[in-house]
Amino acid sequence: MGTAVQADELRDEAIEYFKPLPSTIPAVNDNPITDEKIELGKALFFDPRLSASGVFSCNSCHNLATGGDDNLETSIGHGWQKGPRNAPTALNAVFNIAQFWDGRAEDLKAQAKGPVQAGVEMANTPENVVVTLNSMPQYIEWFKHAFPDEAEPVNFDNMAKAIEAFEATLITPAPFDAWLNGDDSAMSDDQKAGLVAFMDKGCIACHNGVNVGGHDYYPFGLIEKPGADVLPEGDKGRFAVTETVDDEYVFRAAPLRNIALTAPYFHSGKVWDLKVAVQIMSESQLGEELGEDEADQIVAFLNSLTGEMPEVTYPILPAETSATPRPTAEIMPTE
C-alpha cells in the first residue's frame, strides 16, 4: 500500500471512523459482569430446555460454531415454524446500539427474553422457565453464586442478565484491529485498497465505529429500493416499533464484523453471495454501480473483519429431575 507515510495516513483516516475492539470484556448497563455470571450464562445459552419443546437453545439460531448465526434465510423455531427475519450474529453484539434488526430490544438482556417467549422461536413463558430452572438443584446453586446478594436469585430477569454477561465475552479480534493498532502487515494490499474504496464510496456513513455498523438506523433503499425479493414489502422494519411513517423500511445498520461467515445477508436473508450484497448496497444506498475490481477489493476488506473466536467449551448442563416440566410441541395461538 505504498510507503510507510502513506500507510500511516490511511490509518489516521481510518481511525476517524473506526475503533479497534477493546482488549477486555466491555461493561454493560445495570449488570456487573463476573466469572460466575458468565459461566451461568454460558450454560443457559446452550440449554434447549429454555424452550417449550426442549429442542431449541440460544445457540440454535446463534451458533457459535458458524459465525454466531444459523446460516439460514430465516430461523426455524418451535414446531418447525419459520421466523420472519434473518438471525443476526451474536458475536460482538454487545457493541450494537440495540438488538434485533428493528432495535426493539435496548440491550442484550432485553434481547435474551424475546426469543424465549416468541411463539415461532422457543415458545416458552417466563413462569415455565423459572419452574424449569428451579427444578434442577445445580441451577439453583449456580444462580446463588452468580447473584449472591439476592434472596431468590432464580428469576427471568437474572436468566437474561447471565446470558448477557456470557454474550459480552463473544468478542472476535480481527486482522483489521491489529492493523488499526499499528501492525502494517496484518492486512493485505487488496484489503487496504478495499478499505480505501469503503471509505471513499461512502459506506462509512452507515458502517463505522467499533462494530463497523450496528450503531444507528437507516432506510434500506435510500437511493433506490431493492426488489421485493430482497426488501419484502410486508416488513417495514423499525416502523413496527415506533409507528412513525419516517421509520418505514428503516433498519439498524448491520454490523459487519465476521460478515464473511454469516451468509445469507440482509434482514430477508435472500442474498447468499457477499460480493452481490456489496453491489446491492452500493446501488441501493449510494446510487452507484461498483466495478468488479472495486467490489472484489471491498469484499477483501470485509474479510479482514473475520476475527478469532474466543474458546468456548461446551458446558455440561444440570440434570433434569421429576419436577422438570416435560417438553411440549403445542403451537401457541397467534394474536
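Our subject in this report is the structure included herewith. What you see is a predicted model, and the numbers here were worked out from it, not measured in a lab. (Residues numbered from 1 in each chain as written. Predicted model: local features only at pLDDT ≥ 70, side-chain atom pairs only at ≥ 80, totals over all residues. Heavy atoms only, no water.)

Cis geometry marks the peptide bond from Ala 263 to Pro 264, where omega comes out at 5°. Take Pro 264: it is sitting in the loop between strand S2 (250–252) and helix H11 (274–286). Although it is not a glycine, Phe 266 adopts a positive phi angle of roughly 75°. Along the chain, Phe 266 turns up in the loop between S2 and H11. (Helix = DSSP H or I, 4+ residues; strand = E, 2+ residues; numbered from the N terminus.)

Attention shifts here to the pattern of salt bridges. Within the structure shown, the criterion is met by 19 salt bridges. Glu 141 is the salt-bridge partner of Lys 144, the closest N and O atoms lying 3.9 Å from each other. One end of the pair is Lys 144 and the other is Glu 141, both in helix H6 (residues 137–146) and 3 residues apart, which spans about a single turn. Looking at Lys 144, the relative accessible area reads 43%, which means it is partly exposed. The exposure class of Glu 141 is partly exposed, given its relative accessible area of 36%. Two residues, Glu 248 and Lys 236, come together in a salt bridge whose shortest N-O distance is 3.7 Å. Linking Glu 248 in the loop between helix H10 (239–242) and S2 with Lys 236 in the loop between strand S1 (217–219) and H10, this pair joins segments that are 12 residues apart in sequence. You can call Glu 248 partly exposed: its relative accessible area is 27%. (Salt bridge = Lys/Arg side-chain N within 4 Å of Asp/Glu carboxyl O. Buried < 20%, exposed > 50% of the residue type's maximum accessible area, 1.4 Å probe, protein only.)

Below, the discussion takes up the packing of helix H4 (residues 108–117) against helix H7 (residues 156–167). Orientation of H4 relative to H7, taken along the N-to-C sense of each, is 115°, at an axis distance of 8 Å. Here the hand of the crossing between H4 and H7 comes out right-handed. In contact with Leu 108, Lys 109, Gln 111, Ala 112, Lys 113, Val 116 and Gln 117 of H4, H7 contributes Phe 156, Asp 157, Met 159, Ala 160, Lys 161, Ile 163, Glu 164 and Glu 167. Class assignment for the residues of the contact of H4 with H7 results in 7 nonpolar, 2 polar and 6 charged. (Axes fitted to C-alpha atoms, helices over the stretch in contact; angles between N-to-C directions. Left-handed = near helix turned anticlockwise from the far one by under 90°. Contact = heavy atoms within 4.5 Å. Nonpolar A, V, L, I, M, F, W, Y, C, P; charged D, E, K, R; others polar.)

A separate point is a negative patch on the surface. Together, Glu 9, Asp 12, Glu 13, Glu 16 and Asp 200 give the surface a local cluster of negative charge. Of all the elements, helix H1 (residues 4–15) adds the most residues to the negative patch, at 3 residues. Tracing the chain through its elements places Glu 9 in helix H1. (Patch = residues over 30% accessible without salt bridge, like charges linked within 9 Å, V, L, I, M, F, W, Y side chains within 5 Å. Areas by Shrake-Rupley, 256 points an atom, 1.4 Å probe, with all protein chains shown as cover. Lys, Arg positive; Asp, Glu negative; His and termini not counted. Charge placed at Lys NZ, Arg CZ, Asp CG, Glu CD.)

Further remarks concern the packing of aromatic side chains. Here the distance between the centres and the angle between the planes together describe a pair of aromatic rings. Per the stated rule, a full pass over the model turns up 15 aromatic pairs. Summarising the aromatic geometry, the rings of Phe 45 and Phe 46 are spaced 5.5 Å apart at their centres and angled 70° between planes, so their arrangement reads as edge-to-face. Both residues of the pair, Phe 45 and Phe 46, count as buried. Each member of the aromatic cluster is reached from another via a ring pair, and the members are Phe 18, Phe 176, Trp 179, Phe 198 and Phe 301. Positioned above the aromatic ring of Trp 179 is the side chain of Arg 11, whose terminal nitrogen or guanidinium carbon lies 4.9 Å from the ring centre. A cation sits over an aromatic face here: Lys 236 above Phe 239, 5.8 Å from the ring centre. (Phe/Tyr/Trp six-rings, centres within 6.5 Å; stacked < 30°, edge-to-face > 60°. Lys NZ or Arg CZ within 6 Å of the ring centre and 35° of its normal.)

The subject of this paragraph is H11. Between the first and last C-alpha of H11 there are 17 Å, a value that for 13 residues agrees with the 18 Å anticipated at 1.5 Å per step. Listing the buried residues of H11 in full gives Leu 274, Lys 275, Ala 277, Val 278, Gln 279, Ile 280, Ser 282, Ser 284 and Gln 285. Here the buried face of H11 lies against S1 and helix H12 (292–303). Capping the start of H11, Asp 273 holds a side-chain oxygen 2.9 Å from the backbone nitrogen of Lys 275, two or three residues further along. One or two steps after H11, the chain reaches Gly 287, where phi turns positive at roughly 70°. (Expected span 1.5 Å × (residues − 1). Polar contact = N/O pair within 3.5 Å; in protein donor to acceptor, adjacent residues only side chain to side chain.)

That's the geometry; what it means functionally is another story.
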